[in-house]
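Summary of structural features
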Amino acid sequence: MCRPPPSSNFSIQCNWLNIASLKMGESEEHVHMVSSEVNAFTFFPAPDSEEDDREKSVVSRFSYKVPRSTHQKNSMADLTPKVDEDGDLEVVRPNNTGEEKNLYITHSTLTSLELVGQQVWRGALFLADYLLYLGQQIKDEIVLELGAGVGLTSIAAAMVTKKVYATDVDRGEILKMIKSNVEENKEHINGEVIVNELDFFTKEWKESLKQILPEVTTIIAADLVYHNTLTDAFVDTLKDLMTSGKDKQAFIALERRCVFTLEDMETVAPCYDYFRKSLDALVDSTIEGWNMELIEIKENFPQYFCYEKVRELVILKITSRKC
């Protein structure tokens, strides 16, 4: 596991949310603020932010090891026997560790619940790891990310695929953050990243979005589980996307966030359980002309990004094929 050195600016907690009630003015009304507390080496406030205001944006460095497949087009060619100018054989050893690089991501560290997409969540880093692991297997895929948040996973996807559509709801600074982060980290990107709005709660998608959907072959999403109503809307959107156009695959990463309840007298993960049952129901439903399957990824793939990789992290793969 990658464990960065201690730092006054470094914060990774096992808690899924750190919730604070903040009083608004003199009224009794409270706004619940939430924090993922998954930040790495915050250096400075983003432009137009106050340094002591956690609700404002910051820029954090997220380090990662570059997999060989993402920066060496033909790794076997590097192992071809070579001789030096004296005719002696040069010993060439494979480099499996990869070069260390850094992404600089603008994000919030504390938001209201409806703006949690402006934070970085552990599931996004976990899914980024898996996409880098797949590497050449998905190099020709056209990817659509649902709920892209600040765009970290879309950036990782664009390291190994030729085109990524990063989508999210047009609320707060979310779309602006994605565009800013893509521009800031363009040197890491091999493919193309296009930002577009997609709201799970509306079927009236923009024409620009409708035009790109037929070419999408892979859908990704990370850490969208925190409310059952949102789960319903997400699954409904996923159904529409998975059963139109080409055969598709979807990779969904999430963290089983557990709570202890007096009703159950044990630790449970109600939001995750509801999400999983909803996906199972989708796959088991009869959709004319389509077959769908769901599996949980069990591979012990490498960790490339630096974060706390806890056992509660899960990746689900859904495939849809015309029949």
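Placed above this text is the structure.
1. As for unusual backbone geometry
Backbone geometry at D223 places phi at a positive 50 degrees, although glycine is not the residue there. Checked against the element boundaries, D223 lands in the loop between β14 (218-222) and α6 (228-242).

2. Observations concerning the layout of surface pockets
Within this model, the largest pocket holds a volume of roughly 530 Å³. Taken together, 30 residues form the lining of the largest pocket, with V116, G117, D168, L224 and Y226 sitting closest to its centre. Put simply, the parts of the chain that give the lining of the largest pocket at least two residues each are α3 (152-160) and α6. Of the residues belonging to the lining of the largest pocket, the class tally is 16 nonpolar, eight polar and six charged.

3. Notes on helix α2 (residues 122-134)
Each full turn of the α-helix corresponds to 3.6 residues, which orients residues three or four apart in the same direction. Compared with the 18 Å implied by 1.5 Å per residue over 13 residues, the 19 Å span of α2 between its first and last C-alpha is a close match. Burial within α2 is extensive, with twelve of its 13 residues counted as buried. Turning to α2, its buried residues number three or more, namely R122, G123, A124, L125, F126, L127, A128, D129, Y130, L131, L132 and L134. In the segment just after α2, G135 is the residue with positive phi, at about 50 degrees.

4. Observations regarding the sheet that holds strand β18 (residues 290-296)
The strands that make up a sheet pair up through hydrogen bonds in the backbone, lying either parallel or antiparallel. Sheet architecture is open: seven strands sit in the order β13-β12-β11-β14-β15-β19-β18, paired in mixed fashion. In the strand order of this sheet, the two ends are held by β13 (192-197) and β18, each with one partner. Shown here is a sheet whose adjacent strand axes are inclined to one another by a mean of 20 degrees, direction ignored. Where β18 and strand β19 (residues 313-322) come together, seven bridges link them in antiparallel fashion. What sits directly across from E296, in β19, is L316. Sheet strands touched by α3: β11 (142-146), β12 (163-168), β13 and β14. Its angle to β12, the strand with the most contacts, is close to 170 degrees. Against the sheet, α6 contacts β11, β14, β15 (248-255), β18 and β19, and its axis sits at roughly 160 degrees relative to β15.

Conventions we followed
Residues numbered from 1 in each chain as written. Predicted model: local features only at pLDDT ≥ 70, side-chain atom pairs only at ≥ 80, totals over all residues. Heavy atoms only, no water. Helix = DSSP H or I, 4+ residues; strand = E, 2+ residues; numbered from the N terminus. 1 Å grid on protein atoms, 1.4 Å probe; cavity = no way out; pocket = protein on both sides within 12 Å on 5 of 7 lines; lining within 4 Å. Points joined across faces, edges and corners; volume = space filled by probe spheres on them. Nonpolar A, V, L, I, M, F, W, Y, C, P; charged D, E, K, R; others polar. Expected span 1.5 Å × (residues − 1). Buried < 20%, exposed > 50% of the residue type's maximum accessible area, 1.4 Å probe, protein only. Pairing = 2+ DSSP bridges. Axes fitted to C-alpha atoms, helices over the stretch in contact; angles between N-to-C directions. Contact = heavy atoms within 4.5 Å.

None of this, on its own, says anything about what the molecule does.
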